[in-house]
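The lines below spell out each chain.
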Amino acid sequence: MSSDDEPFEGIDFEDRFESRNERRAAVTSGGGLTEETVRLISEEKGEPEWMLERRLRSLSVFRELPMPTDWPGQPDLSGIDLDEIVPYLRPDVETEDSVDSWEDLPEEIRDTFDKLGIPEAEKEALSGAGAQYESEVVYQHTKEQWEEKGVVFCDMDEAIREHEDLVREHFMTECVPPTDNKFAALHGAVWSGGSFVHVPEGVTVEMPLQAYFRMNSEGMGQFEHKIVIAEPGSEVHLIEGCSAPHYGSHNLHSGCVEVFVREGAHVQYSTVQNWSRNTYNLNTKRAIVEADGTMEWVSGSMGSKATMLYPASVLKGPGATDSHVTIAFAGEGQDIDTGAKVYHAAPDTHSTIESKSIAKDGGRTNYRGLVHVADGAEGSSTSVECDALMFDRESTSDTMPYMEILEDEVDVAHEATVGKIGDEDVFYLQSRGLDDDDAKQLIVAGFIEPITDELPIEYAVELNRLIELEMDGSLG
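Residues numbered from 1 in each chain as written. Predicted model: local features only at pLDDT ≥ 70, side-chain atom pairs only at ≥ 80, totals over all residues. Heavy atoms only, no water.

Asks: Tell me about the overall build of the protein, and name the residues and values.
Replies: In terms of regular secondary structure, the protein is built from 13 helices and 25 strands. About 18600 Å² of surface is accessible on the protein, with carbon and sulfur atoms providing 44% of the total. (Helix = DSSP H or I, 4+ residues; strand = E, 2+ residues; numbered from the N terminus. Areas by Shrake-Rupley, 256 points an atom, 1.4 Å probe, with all protein chains shown as cover.)

What follows is the structure, given as structure tokens:
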């Protein structure tokens, strides 16, 4: 794509994110969470017995764990009624598996993803793309040049069939066990769809892989699972996009991401999430980083009624490095509670956290973070920077950093700023010919530039456009 091309030319953005393309369900679990529901999901997928056993164990853990209610200032989750959420809905796709030709998808599903730009994105910027509609992956494709080098990028059902030993070793064992939190346990019981990425030793995937998740039905839950394994000396960038239209009843998104960064490997995981304002977004994301490995988290969180999302990295080996760059946007009636967790478990490990948040029309953003430096992790360093921008007096922004430093020989820094868009800044830009809205959007664009700089150009444009639409009140 040339620099002169408009990547989203001809796309109606209101339609792009409000498409309510109704699609008949071939199989639905109905509402509620029971053992029968779990067995139905496993049977529909033809899973091995060990996966059913893990699902049932997760269901047992879910029933034992309480709802998270005692965190200071956390979003209100009382609107979640799990008896009403539909945890599994398979769209009416005639093919047994996800297709690898875009034209083989049913017209209604293709129409939805065409409006979201998935085919264009794959043609222009990606090594491979996967698209999930409701509970199942309906499209998966990896470019031949990476398949020839042994790169695996497939949906989770195929991974269980074709790479069973790898999945069995990594699925909710060491990285995110079901005992981690109540919604991780819920996820382990009813998960469906998602992506599996395995990059062989020494292979660099030079273009990003994309996984896109669309929740298109009212009152459903989406529980996709992603596993990324980067073998020693390899490098890969995965981009995740998520959206849902607005409905009257609440939807629940509770996905899980498990990343394994082997010695000297480098993984970047970028997320652009645009959930509707009836969606509770409660994800669990974690990476285990071995010696001299590098993990980068880049995320934009907007939309949703409430979000609780704190990507975490365990720096397990000496010299491991981790960075978090996040942006959160909250408008009227939204509570976006995001942050990062880093566990320095080895010497000479390093982490940086940069958080940007924007609140308007009474919305609330909150940075909630944890940095833990273990005894013996000498020579380690961490830096946390939280910046908040508010449009009005009704909006709020909080910062809740928590640091556990158990080692003396470390370097720790934390900085936080809160500000509002100043009248003098707007006036200056207006004197240069911009109207009020354009002036404010330009200020916000500069504020979030550290995040957009980390994304490929197509996705930086998309993130900026999403922010503009949020400021205009065009989303949700």
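Asks: Tell me about the pattern of salt bridges, and name the residues and values.
Replies: Counted by the stated rule, this structure contains 14 salt bridges. Asp337 is paired through a salt bridge with Arg368; the nearest N and O atoms lie 2.9 Å apart. Separated by 31 residues along the polypeptide, Asp337 in strand β20 (residues 335-344) and Arg368 in strand β22 (residues 364-373) bring together distant segments of the chain. Considered together, Asp337 and Arg368 belong to a single accessibility category, that of buried residues. With a closest N to O distance of 3.1 Å, Asp398 and Arg364 form a salt bridge. Here Asp398, found in strand β24 (residues 396-405), pairs with Arg364, found in strand β22; they are 34 residues apart in sequence, far enough to count as distant. (Salt bridge = Lys/Arg side-chain N within 4 Å of Asp/Glu carboxyl O. Buried < 20%, exposed > 50% of the residue type's maximum accessible area, 1.4 Å probe, protein only.)

Asks: How would you sum up unusual backbone geometry? Please name residues and give values.
Replies: Although it is not a glycine, Met172 sits at a positive phi angle of roughly 50°. If you trace the backbone, Met172 turns up in the loop between α8 (164-170) and α9 (182-190). Here the phi dihedral of Asp292 falls at roughly 60°; this positive angle occurs in a residue that is not glycine.

Asks: Outline a negative patch on the surface, listing residues and values.
Replies: On the surface, Asp348, Asp375, Glu378, Asp408 and Glu409 cluster together into a negatively charged patch. By the secondary structure assignment, Asp408 is in the loop between β24 and β25 (411-420). Taking relative accessible area as the criterion, Asp408 reaches 77% and is therefore assigned exposed. (Patch = residues over 30% accessible without salt bridge, like charges linked within 9 Å, V, L, I, M, F, W, Y side chains within 5 Å. Lys, Arg positive; Asp, Glu negative; His and termini not counted. Charge placed at Lys NZ, Arg CZ, Asp CG, Glu CD.)

Asks: Before we move on, can you summarise helix α11 (residues 436-447) with the specific residues and values?
Replies: Here α11 contains 12 residues, and its C-alpha end-to-end distance of 17 Å stays within 8% of the 16 Å for a straight helix at 1.5 Å per residue. Among the residues of α11, those classed as buried are Ala439, Gln441, Val444 and Phe447. (Expected span 1.5 Å × (residues − 1).)

Asks: How would you summarise the packing of aromatic side chains if you had to cite specific residues and measurements?
Replies: Here the structure, examined in full by the defined rule, presents three aromatic pairs. Judged by centre distance (5.7 Å) and plane angle (50°), the ring pair of Trp71 and Tyr310 falls under tilted. Of this pair, Trp71 sits in the loop between α3 (49-64) and β2 (89-91) while Tyr310 sits in the loop between β17 (306-309) and β18 (312-315), and the two are 239 residues apart along the sequence. When its relative accessible area of 33% is taken as the criterion, Trp71 is described as partly exposed. Judged by its relative accessible area of 10%, Tyr310 is buried. Ring centres of Tyr269 and Trp297 lie 5.7 Å apart, and the angle between their planes is 50°; on these two criteria the pair is classed as tilted. (Phe/Tyr/Trp six-rings, centres within 6.5 Å; stacked < 30°, edge-to-face > 60°.)

Asks: So what about the pairing of strand β16 (residues 294-303)? Which residues, and what values?
Replies: Regular strands show a simple pattern: their side chains alternate between the two faces of the sheet. For β16, a buried count of nine out of 10 residues is recorded, marking the element as mostly surrounded by other parts of the structure. Across 10 bridges, strand β13 (residues 266-275) lies against β16 in parallel orientation. In the strand pairing of β16, Thr271 is matched with Ser299. As paired strands, β16 and strand β19 (residues 321-330) are joined by eight bridges and run parallel to one another. Paired with Thr294 across the bridge in β19 is Thr321. (Pairing = 2+ DSSP bridges.)

Asks: Can you break down the packing of helix α2 (residues 35-45) against α3 residue by residue, with the values?
Replies: In contact at an axis separation of 10 Å, α2 and α3 are set at 155° when each is read in the N-to-C sense. The angle between α2 and α3 falls in the class roughly antiparallel. The way α2 lies across α3 gives a crossing that is right-handed. Every residue of α3 that contacts α2 at Glu35, Val38, Arg39, Ile41, Ser42 and Lys45 is listed here: Leu52, Arg55, Leu56, Leu59 and Arg63. Across the contact of α2 with α3, the residue classes tally to five nonpolar, one polar and five charged. (Axes fitted to C-alpha atoms, helices over the stretch in contact; angles between N-to-C directions. Parallel < 35°, antiparallel > 145°, perpendicular 65-115°, else oblique. Left-handed = near helix turned anticlockwise from the far one by under 90°. Contact = heavy atoms within 4.5 Å. Nonpolar A, V, L, I, M, F, W, Y, C, P; charged D, E, K, R; others polar.)

Asks: So, the side chain of Arg364: which residues are in play, and what are the values?
Replies: Assessed through its relative accessible area of 13%, Arg364 is described here as buried. A polar contact of 3.1 Å, which involves the side chain of Arg364, links it to the side chain of Asp398. In contact with Arg364, not counting residues within four places along its chain, are Gly73, Ala330, Gln334, Asp335, Ile336, Asp337, Thr396, Asp398 and Met400. (Polar contact = N/O pair within 3.5 Å; in protein donor to acceptor, adjacent residues only side chain to side chain.)

Asks: Which residues make up α2, and what are the values?
Replies: The periodicity of an α-helix, 3.6 residues per turn, causes residues three or four places apart in sequence to face the same way. Listed in full, the buried residues belonging to α2 are Thr37, Val38, Ile41, Ser42 and Lys45. In a view along the axis of α2, the buried residues occupy a sector of 130°, so they form one face of it. Set apart from the buried face of α2 by more than 90 degrees, the exposed residues are Glu36 and Glu43. (Arc of directions from axis to C-beta.)

Asks: Provide a residue-level description of the state of the cysteines, including the pertinent values.
Replies: Here the structure, examined in full by the defined rule, presents zero disulfides. With no disulfide of its own, Cys256 lies closest to Cys175 among cysteine sulfurs, the gap being 7.3 Å. Judged by relative accessible area, Cys256 falls into the buried class, the value being 1%. (Disulfide = S-S within 2.5 Å.)

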